[in-house]
Amino acid sequence: SVNGGIAITDTTIPKKKKHRLVACTWTSAVHQRRGNERRISDGKARLREWIAFNLGVGFDHIYIFDNSGANATIFRLKNEVDPDFGSDAKQRKDVDDLRSVTDLFPASKVTRIEWPATICNNNRPAHDDPGERSSQYAAEAACRARYGSQTDWMASMDPDEYFVPMGEYTSWKQILDKVDKEEGRSMLKFRSTRARPLLHTLVPTYDEGAKECTREMAKTNNQCLTKNE
């Protein structure tokens, strides 16, 4: 979900399921932030790091609902110009998806699902289309319906959200074992805490479509940084 959480998939205790803990996410190689204020183009790098982290902290399997295909048609359907490809986007068919990332991991650990459903509105103020992020919510529901029966616990989160085991714990399975044994909860939800970057590891980045990230702005006050590869 937008705020992130982990939920048990069944309140009964049947025979042992295939997985203890899985994650579902809806994402894209390129996407627009809410309100279409910014074009985010580093979806692949974000996803690669996110998958590696979650497999390292105890997730058995990760389901990627790849919305990349929708982005190539959103602007055409709404008769708008794609900021990356201009008017040529209306004819664009060679969509760059997340396959190159998911293929880096074993099929036993990561499943990519083609999810071309477009976002109705992306929460644009005063827009005549009242739909919001319907594609994301539908993907989360589909993940529960398709794969919920195969796992004890299922997490829904975005690739910029990290559930970090802390204190004495190094794996989410340790935490869930404690929850099951001592607390009997069926859902966990977490307060969002923004991480502080290590500035010495970052380098300037530029985006001529965002006024605070242009090369001209960087001459006096560069506010935009990215990871040093």
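Let me sum up the structure you'll find in this document.

What counts as what
Residues numbered from 1 in each chain as written. Predicted model: local features only at pLDDT ≥ 70, side-chain atom pairs only at ≥ 80, totals over all residues. Heavy atoms only, no water. Helix = DSSP H or I, 4+ residues; strand = E, 2+ residues; numbered from the N terminus. Buried < 20%, exposed > 50% of the residue type's maximum accessible area, 1.4 Å probe, protein only. Areas by Shrake-Rupley, 256 points an atom, 1.4 Å probe, with all protein chains shown as cover. Disulfide = S-S within 2.5 Å. Phe/Tyr/Trp six-rings, centres within 6.5 Å; stacked < 30°, edge-to-face > 60°. Lys NZ or Arg CZ within 6 Å of the ring centre and 35° of its normal. Contact = heavy atoms within 4.5 Å. Polar contact = N/O pair within 3.5 Å; in protein donor to acceptor, adjacent residues only side chain to side chain.

1. Considerations on the overall build of the protein chain
Here is step 1 of the chain: Helix and strand content of the protein chain: six helices and ten strands.
Here is step 2 of the chain: The buried share among the 229 residues of the protein chain stands at 38%.
Here is step 3 of the chain: If you sum the accessible surface of the protein chain, you get close to 13900 Å²; carbon and sulfur atoms cover 51% of it.

2. Focus on the state of the cysteines
Between two cysteines, a covalent bond joining their sulfur atoms is known as a disulfide.
Here is step 1 of the chain: According to the stated counting rule, one finds two disulfides in the structure shown.
Here is step 2 of the chain: The residue that forms a disulfide with Cys-24 is Cys-143, at a sulfur-sulfur distance of 1.9 Å. Its S-S torsion of about -70° marks the bond between Cys-24 and Cys-143 as left-handed, since a negative value means left-handed. Of the two residues, Cys-24 sits in strand 2 (residues 19–27) while Cys-143 sits in helix 4 (residues 134–147), which places them 119 residues apart along the sequence. Here Cys-24 and Cys-143 have matching classes, each one buried.
Here is step 3 of the chain: Cysteines bonded in the protein chain are numbered consecutively along the chain; their disulfide partners then correspond to 1-2, 3-4.

3. A short note on the packing of aromatic side chains
Here is step 1 of the chain: Per the stated rule, a full pass over the model turns up six aromatic pairs.
Here is step 2 of the chain: Ring geometry for Phe-65 versus Trp-115: centroids 5.3 Å apart, planes at 80°, classification edge-to-face. Of the two residues, Phe-65 sits in strand 5 (residues 61–66) while Trp-115 sits in the loop between strand 6 (110–114) and helix 4, which places them 50 residues apart along the sequence. Of the two residues examined, Phe-65 and Trp-115, each falls in the buried class.
Here is step 3 of the chain: Relative to Trp-172, the ring of Phe-163 lies with its centre 6.2 Å away and its plane at 65°, an arrangement referred to as edge-to-face.
Here is step 4 of the chain: Among the aromatic side chains, those forming a connected cluster through ring pairs are Phe-163, Trp-172 and Phe-190.
Here is step 5 of the chain: Of note, Arg-215 hangs over the ring of Tyr-206, and the distance from its end group to the ring centre comes to 4.0 Å.

4. A short note on the environment of Lys-178
Here is step 1 of the chain: Among the structural elements, Lys-178 can be located in helix 5 (residues 172–183).
Here is step 2 of the chain: Owing to a relative accessible area of 30%, Lys-178 belongs among the partly exposed residues under this scheme.
Here is step 3 of the chain: The contacts of Lys-178, once residues within four sequence positions are left out, are Tyr-169 and Glu-183.

5. Some points on the side chain of Asp-60
Here is step 1 of the chain: Structurally, Asp-60 is set in the loop between helix 1 (43–56) and strand 5.
Here is step 2 of the chain: A polar side-chain atom of Asp-60 sits 2.7 Å from the main-chain amide nitrogen of Arg-20.
Here is step 3 of the chain: Not counting chain neighbours up to four residues away, the residues in contact with Asp-60 comprise His-19, Arg-20, Leu-21, Ser-108, Lys-109 and Lys-173.

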